[in-house]
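Residues per chain are reported as follows:
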Amino acid sequence: MTPSKKSSASLGALLRAGTVAATVTATLVAGAVAADAAAIPEFKQPKLFGTSFQADPHHDFTKRISTRHDGILRGWVTYYKAGVAEYTPIKWVKDKTGNTEGWFTGPPEGDATAYASPVSSKLAYYGATACKGTDVTVNRQGLGNKRCSRKATISLLKAGRHPGLITVYKGKIVKFQEIYTP
């Protein structure tokens, strides 16, 4: 059976319409992802190896533990459960003995400087050691640049105490960029 010219023309029109629809859909999806990423404003990044804890002057630590104000905190997650992460600021301590360059430390025991924020379902966690601790994947600053899967992210948050830059926006943790420390 040979197709008629009319059915060939209809088939061609259908294929062109399908191609146009696929292109429009792909463009809209890419635009939505870009718009979602663009919705987070650029915050000032703190010094990676700052030797003092970052202040949050508008936060009242005498009340219950709550989210930090929008911005980037040099810190680490101390506890994670059911989509909420507790985290504290950290600072770099230089080693005076010469054995190492130093290490990160959190507030002393009993200090109330802690925050708790829900973790965004779209959290971008960038690991410094390839999300599995095997290969180093960092940019020139020493920040993780390999995005981890959702499963790896949850595992890393539960393990805690990974130094990083924690970005909070609208009360949620939206980005975590691990700081590489050899």
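You'll find the structure just up there.
These remarks concern the structure in this document. Each chain carries its own residue numbering, running from 1 in the direction its sequence is written. Given that the model is predicted, a residue must reach a pLDDT of at least 70 before its local features are reported, and side-chain atom pairs must reach 80 or more before they are shown or counted; all residues, however, enter totals for whole chains, interfaces and linings. Only hydrogens and water are set aside; all other atoms, that is, all heavy atoms of the structure, feed into the side-chain values.

1. Focus: the environment of Tyr80
Using the following cut-off: What counts as a helix is a DSSP run of H or I of at least four residues, what counts as a strand is a run of E of at least two, and both are numbered from the N terminus. Pairs of residues are marked as contacts when any of their non-hydrogen atoms sit within 4.5 Å. Residues adjacent in sequence count toward polar contacts only when both atoms are side-chain atoms; beyond that, a polar contact is any pair of N or O atoms within 3.5 Å, and within protein one must be able to donate a hydrogen and the other to accept it.
Among the structural elements, Tyr80 can be located in strand β1 (residues 71-81). Every residue in contact with Tyr80, bar those within four places of it in the chain, is listed here: Ala85, Val119, Ile154, Leu157 and Lys158. At 3.4 Å, the side chain of Tyr80 forms a polar contact with the backbone nitrogen of Gly83.

2. Comments concerning the side chain of Arg68
To keep things clear, this is the line we draw: Only protein chains enter the calculation, and the probe is 1.4 Å; a residue is then buried if its accessible area is under 20% of its type maximum, exposed if over 50%, and partly exposed in between. His is not counted, nor are the chain ends, whereas Lys and Arg count as positive and Asp and Glu as negative. Salt bridges are identified by distance alone: a Lys or Arg side-chain nitrogen within 4 Å of an Asp or Glu carboxyl oxygen.
The topology assignment puts Arg68 in the loop between α1 (5-38) and β1. Of the side chains with opposite charge, Asp56 lies nearest to the buried Arg68, which makes no salt bridge, at 4.1 Å. At a separation of 3.4 Å, a polar atom in the side chain of Arg68 contacts the main-chain carbonyl oxygen of Ala55. Those residues in contact with Arg68 that lie beyond four places of it in its chain are Gln54, Ala55, Asp56, His59, Leu73, Tyr87, Tyr115, Ser117 and Val168.

3. Focus: the side chain of Ser117
Relative to the elements of secondary structure, Ser117 occurs in strand β5 (residues 115-127). A polar contact of 2.4 Å, which involves the side chain of Ser117, links it to the side chain of Thr67. Dropping the residues within four chain positions of it, Ser117 is found in contact with Thr67, Arg68, Gly83, Val84, Ala85, Tyr87, Gly171 and Ile173.

4. What about unusual backbone geometry?
The residue Ala82 is not glycine, and still its phi comes out positive at about 50°. By secondary structure assignment, the location of Ala82 is in the loop between β1 and β2 (84-89). The exposure class of Ala82 is exposed, given its relative accessible area of 76%. Not every positive phi belongs to a glycine, and Lys170 is a case in point at roughly 55°. Take Lys170: it is sitting in the loop between β7 (164-169) and β8 (172-178). Overall, the relative accessible area of 66% leaves Lys170 in the exposed class.

5. A word on the pairing of β8
Quick reminder of the rule: For two strands to be treated as a pair, DSSP must find at least two bridges joining them.
Judged by how many residues are buried, β8 sits mostly within the fold: five of seven residues are covered. Bridge count for β5 against β8 is four bridges, and the pairing is parallel. By the bridge assignment, Tyr126 is partnered in β8 with Gln177. Relative to β8, β7 runs antiparallel, the two sharing six bridges. From the neighbouring strand, Gly164 faces β8, where its bridge partner is Glu178. In textbook terms, the turn of a hairpin is the stretch between consecutive antiparallel strands, and for β7 and β8 this stretch comprises two residues, one of which, Lys170, has a positive phi near 55°.

6. Some details on helix α2 (residues 150-159)
Along α2, the positions that sit buried rather than exposed are Ala152, Thr153, Ile154, Leu156 and Leu157. Packed against the buried residues of α2 are β1 and β5. Two residues or fewer after α2 comes Gly160, characterised by a positive phi angle close to 70°.

7. Thoughts on the packing of aromatic side chains
Convention followed: Centres within 6.5 Å make a pair out of two Phe, Tyr or Trp rings, where for Trp the six-membered ring is used; the pair is then stacked when the planes are under 30 degrees apart, edge-to-face when over 60, and tilted otherwise.
Counted under the stated rule, the structure contains seven aromatic pairs. Geometrically, the ring pair formed by Trp92 and Phe104 is edge-to-face, given 4.9 Å between the ring centres and 70° between the ring planes. Taken together, the positions of Trp92 in strand β3 (residues 91-94) and Phe104 in strand β4 (residues 102-105) put the pair 12 residues apart, joining distant regions of the chain. Take Trp92: its relative accessible area is 12%, and that puts it in the buried class. In this structure an aromatic cluster arises from ring pairing among Phe49, Trp92 and Phe104.

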